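Given next are the chains, with one letter for each unit.
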Amino acid sequence: MRLIFVGPPGAGKGTQCARLTSRLDIPHISTGDMFRAAVKRGTPMGVLAKKAMDAGELVGDDIVIGMVRERLGEEDVQRGFLLDGFPRTIPQAEALEQLLAELSLKLDAVILLEVPDDLIVERIVGRRSDPETGRIYHLKFDPPPPEIADRLKHRSDDTEDAVRSRLKAYHDQTAPLIPFYEQRDALRRVDGVGSMDEVTARLVDALS
Ligand code: AMP
């Protein structure tokens, strides 16, 4: 299956994509994770991306498109993929369309995970991840076990200021993808409000 996940920051894309990709046995391609890995390695791209990420802004289209082009050329993509956080702008969506045509691949669906803005800030600011397992917790909604509390990480772009910029970037630059994919009859809307299991069940239903 070839899927795209779209939704505001904090909609639960990372968690739900991890669940779906293990269920569907397809690679989870998250451009945010790829940038965070580049930042950690201190590559030139990582240095460039970190500036934009910490300000809650988008990394330039050319950089992201080049990175995804390379990733979609890898072997494991043959069995399908789930793109999480890409495309995020119309030029990225157009580049993806061209790339998939070159590879003779067709998208199965674009999932829009919908969560209202007022819930998002609370969700993101309380978010913590476990670097050992990659598991994401929420201090209030999904509290971590106390014995791992010390090792949990708070993303540097999960502050309230950065979240507001990321939401603005979503509405200005990413939301235009909704009519773009609606016109292509590919968009499936899924309500992202509820427990993680409820949302997973809705997603499985939307894909069946
Ligand atoms: P995410 O983990 O998807 O929330 O992405 C974290 C940050 O990485 C975003 O706020 C952007 O700065 C950057 N980023 C991730 N994916 C993209 C993309 N497709 N286009 C531009 N910037 C991106």
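Anything mentioned here points back to the structure above.
Parameters at a glance
Residues numbered from 1 in each chain as written. Predicted model: local features only at pLDDT ≥ 70, side-chain atom pairs only at ≥ 80, totals over all residues. Heavy atoms only, no water. Near = heavy atom within 4 Å. Areas by Shrake-Rupley, 256 points an atom, 1.4 Å probe, with all protein chains shown as cover. Helix = DSSP H or I, 4+ residues; strand = E, 2+ residues; numbered from the N terminus. Nonpolar A, V, L, I, M, F, W, Y, C, P; charged D, E, K, R; others polar. Buried < 20%, exposed > 50% of the residue type's maximum accessible area, 1.4 Å probe, protein only. Pairing = 2+ DSSP bridges. 1 Å grid on protein atoms, 1.4 Å probe; cavity = no way out; pocket = protein on both sides within 12 Å on 5 of 7 lines; lining within 4 Å. Points joined across faces, edges and corners; volume = space filled by probe spheres on them.

Turning our attention to the site of the ligand. In the neighbourhood of the ligand, 16 residues make up the surrounding shell, with T31, R36, E57, G85 and Q92 lying closest. Expressed as a share of its isolated accessible area of 480 Å², the protein-covered part of the ligand is 96%. No other element matches the 4 residues that helix α2 (residues 31-41) contributes to the shell around the ligand. Of the residues that constitute the shell around the ligand, the class distribution is 6 nonpolar, 4 polar and 6 charged.

Taken across its 5 residues, strand β1 (residues 2-6) has 5 buried, putting it largely inside the fold. Neither face of β1 is left uncovered, since the one carrying R2, I4 and V6 and the one carrying L3 and F5 both have all their residues buried. As defined by bridge partners, β1 adjoins strand β3 (residues 81-84) across 4 bridges and the pair is classed as parallel. Pairing of F5 across the sheet is with D84, part of β3. In this structure, β1 lies alongside strand β4 (residues 109-114), joined through 4 bridges in parallel fashion. Note that in β4 the partner of V6 across the bridge is L112.

In this section: the layout of surface pockets. A volume near 230 Å³ is recorded for the second largest pocket. Together, 13 residues line the second largest pocket, and E97, K106, L107, R184 and A186 are the ones closest to its centre. Every element with two or more residues in the lining of the second largest pocket is listed here: α5 (90-102) and α8 (177-183). Sort the elements by how many residues they give to the lining of the second largest pocket and α5 lands first, with 4 residues. Here the lining of the second largest pocket is composed, by residue class, of 8 nonpolar, no polar and 5 charged.

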